[in-house]
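Now for the letters of each chain:
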Amino acid sequence: LFQITHQMAAKSVVLLTPRSSAALIGRFLNTSSTVDAAKPAHKEEQKDHARTFYRSEMEVTPCPAGERMTKPTGDLQFGKYYADHMIDVDWNQATGWARPKLHKIQPLQLHPGSKVLHYAIELFEGMKAYRGIDNKIRMFRPDMNMARMNRTATRSALPTFDSEELINMISDQIRLDMDWVPASATSSLYIRPTLIGTDKTLGVGQGDSAKLFVLTCPVGSYFTSGFQPVSLLADSQYVRAFPGGVGAYKMGCNYAPTIGVAASAAKKGCQQVVWLSGENEEITEVGTMNIFVLWKNEQGEMELVTPPLDRGLILPGVTRDSLLELGREYGEFKVSERSFTMEDVRKALKENRLFQMFGAGTACVVSPVGKIVYHNRKADRYETWNIPTMESKPNLMQRFYEHINDIQYGRIDRPGWTVEVPN
């Protein structure tokens, strides 16, 4: 980790904290208030703008002190408050990626014919930065988010980019908004990189222009009063993804159709939906999270199981991958990526073999499941299944949460899993 952060620091440009005025920054660097973050000109690197944008070319214009927003106090509702700055970089087919810009957050200007508004040509990522117990700020596994973002861009016929360049640019953005990273062991700075198609031709086809931007916002704890088990609606009439589709990609079009279903779940007293697939009702995801089950399998082995990625139904979550790796390191139970069905869950509950069920994702790390409201198609009735997640001992879900949390806030050093933001 030291070597990684040292290399990043070596590439860094001088940026003052948000408390510094744009004028002071300009005088300090002997430039105007718009800071050009270019590398020294004595060794100009070969650039390929058809392939990627470059952090060394990023123009940085700090938000004037008098225009900065008042930082919120109290509860940090998810996605309600935004930090002062954003990254903005355009692409077009003819010239490739333009110079990135880091500037005051502002509305986007889009032609009303932009493809993103008509055909949902859009993708995004969700990641976080944490202020550790040592006051250092760390991003958690951003390389995995960037790799997934590029895979989704390819599937969306949008341009790809160099992952390290964007990670370093986001580091600059966080440094400029360092005061927005909560000084709390339960809060963090949420990071939302987004890529949209901006071509204004209404024909359905690959566009010739796009925009990438990055927003950040401080967010509070997902569990404000401790772990609260959620209830799930399981109804196979609702489908999130199908083989050959885009369920394995983080596209906005995967989320819009789930909102109405969530409203239907709420009418039945459920907070989330467990998504089922096929006639045998394979369990795929829960809400916007991956799902895990801890049980004793039919062979009598303790097993942690989550659905596999091989059919394209499951989003390859960063937290999912982290829990699988930690579980295998514990070496105390079998860890499997394999399909299982609602009937498998019913049977395990009946035989007292199911101990815990929980979702896993960036927002919460883990989210316990306490109840499933299942639509039994054969009997055409709804059944309530109680899941003993909160009563089971030992509590693997809690152990996972604390282990990941300790890494994110710097209480445990995990080389390769965190990227430190240089001061």
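Residues numbered from 1 in each chain as written. Predicted model: local features only at pLDDT ≥ 70, side-chain atom pairs only at ≥ 80, totals over all residues. Heavy atoms only, no water.

(A) How the structure looks around the pattern of salt bridges. Inspection of every chain in the model, using the stated rule, returns 28 salt bridges. One salt bridge connects R381 with E383, and the closest N-O pair in it is separated by 3.4 Å. Under the relative-accessibility criterion, R381 is labelled partly exposed at 48%. Through salt bridges that share partners, E343, R346, R381 and E383 make up one connected network. (Salt bridge = Lys/Arg side-chain N within 4 Å of Asp/Glu carboxyl O. Buried < 20%, exposed > 50% of the residue type's maximum accessible area, 1.4 Å probe, protein only.)

(B) Main features of the pairing of strand β14 (residues 289–296). β14 sits mainly inside the fold: seven of its eight residues count as buried. Examined bridge by bridge, strand β13 (residues 282–286) and β14 share two bridges and lie antiparallel to one another. Residue pairing for β14: E285 is matched across the bridge by N290. Pairing of β14 with strand β17 (residues 354–361), which is carried by six bridges, proceeds in the antiparallel orientation. Of the residues in β17, the one forming a bridge with I291 is G359. (Helix = DSSP H or I, 4+ residues; strand = E, 2+ residues; numbered from the N terminus. Pairing = 2+ DSSP bridges.)

(C) Focus on the side chain of K47. Position of K47 relative to the elements: it lies in the loop between β1 (35–36) and β2 (59–60). What makes K47 buried here is its relative accessible area of 19%. Excluding residues within four positions of it along the chain, K47 makes contact with Y54, S56 and E57. (Contact = heavy atoms within 4.5 Å.)

(D) Looking closely at the packing of helix α7 (residues 318–330) against helix α9 (residues 396–408). Two numbers describe how α7 lies on α9: the axes approach to 11 Å, and their chain directions differ by 110°. Taken as axis vectors, α7 and α9 run roughly perpendicular relative to one another. On the side of α7, the interface is formed by S322, L323, L326, G327 and Y330, while α9 contributes L396, R399, F400, H403 and I404. Residues belonging to the contact of α7 with α9 are distributed by class as follows: six nonpolar, three polar and one charged. (Axes fitted to C-alpha atoms, helices over the stretch in contact; angles between N-to-C directions. Parallel < 35°, antiparallel > 145°, perpendicular 65-115°, else oblique. Nonpolar A, V, L, I, M, F, W, Y, C, P; charged D, E, K, R; others polar.)

(E) Structural detail: the UniProt feature "modified residue: N6-(pyridoxal phosphate)lysine" (unreviewed entry) in the protein. This chain's UniProt record puts "modified residue: N6-(pyridoxal phosphate)lysine" (unreviewed entry) on K250. Position of K250 among the secondary structure elements: in the loop between β11 (230–234) and α6 (256–267). The exposure class assigned to K250 is buried, which follows from its relative accessible area of 10%. Apart from residues no more than four positions distant in its own chain, K250 is found in contact with L123, F124, E125, G126, R148, T152, Y255 and L315. (UniProt positions renumbered as here; feature names shortened; annotations may be inferred.)

(F) Summary view of the nonpolar core. Formed by 37 residues in total, the largest nonpolar core has its most connected members in M139, L166, I174, L195 and L212. With six residues, the top contributor of residues to this core is helix α5 (residues 163–176). For L212, the contacting residues outside a window of four places in its chain are F53, I87, D88, V89, W97, M149, F161, L166, T194 and L195. (Core = buried A, V, L, I, M, F, W, Y, C linked by side-chain atoms within 4.5 Å.)

(G) Just unusual backbone geometry, in detail. The peptide bond linking K393 to P394 adopts the cis configuration, its omega dihedral lying at -5°. With respect to the helices, strands and loops of the structure, P394 is situated in the loop between β19 (381–386) and α9. If you check the backbone angles, R141 has positive phi at about 50° while not being a glycine. One can find R141 in the loop between β8 (137–140) and α4 (142–155). For V365, which is not glycine, the phi dihedral falls at a positive 70°. Residue classification places V365 among the buried positions, given a relative accessible area of 5%.

(H) Representation of the pairing of β17. Among the eight residues that make up β17, seven are buried, leaving the element largely enclosed by the rest of the structure. Remark: three residues form the turn of the hairpin made by β17 and strand β18 (residues 365–376), two consecutive strands paired antiparallel.

(I) Up close: a nonpolar patch on the surface. A cluster of nonpolar side chains, contributed by L108, L110 and L117, occupies part of the molecular surface with about 230 Å² of accessible area. Here L108 is to be found in the loop between β5 (101–104) and α3 (115–119). (Patch = residues over 30% accessible without salt bridge, like charges linked within 9 Å, V, L, I, M, F, W, Y side chains within 5 Å. Areas by Shrake-Rupley, 256 points an atom, 1.4 Å probe, with all protein chains shown as cover.)

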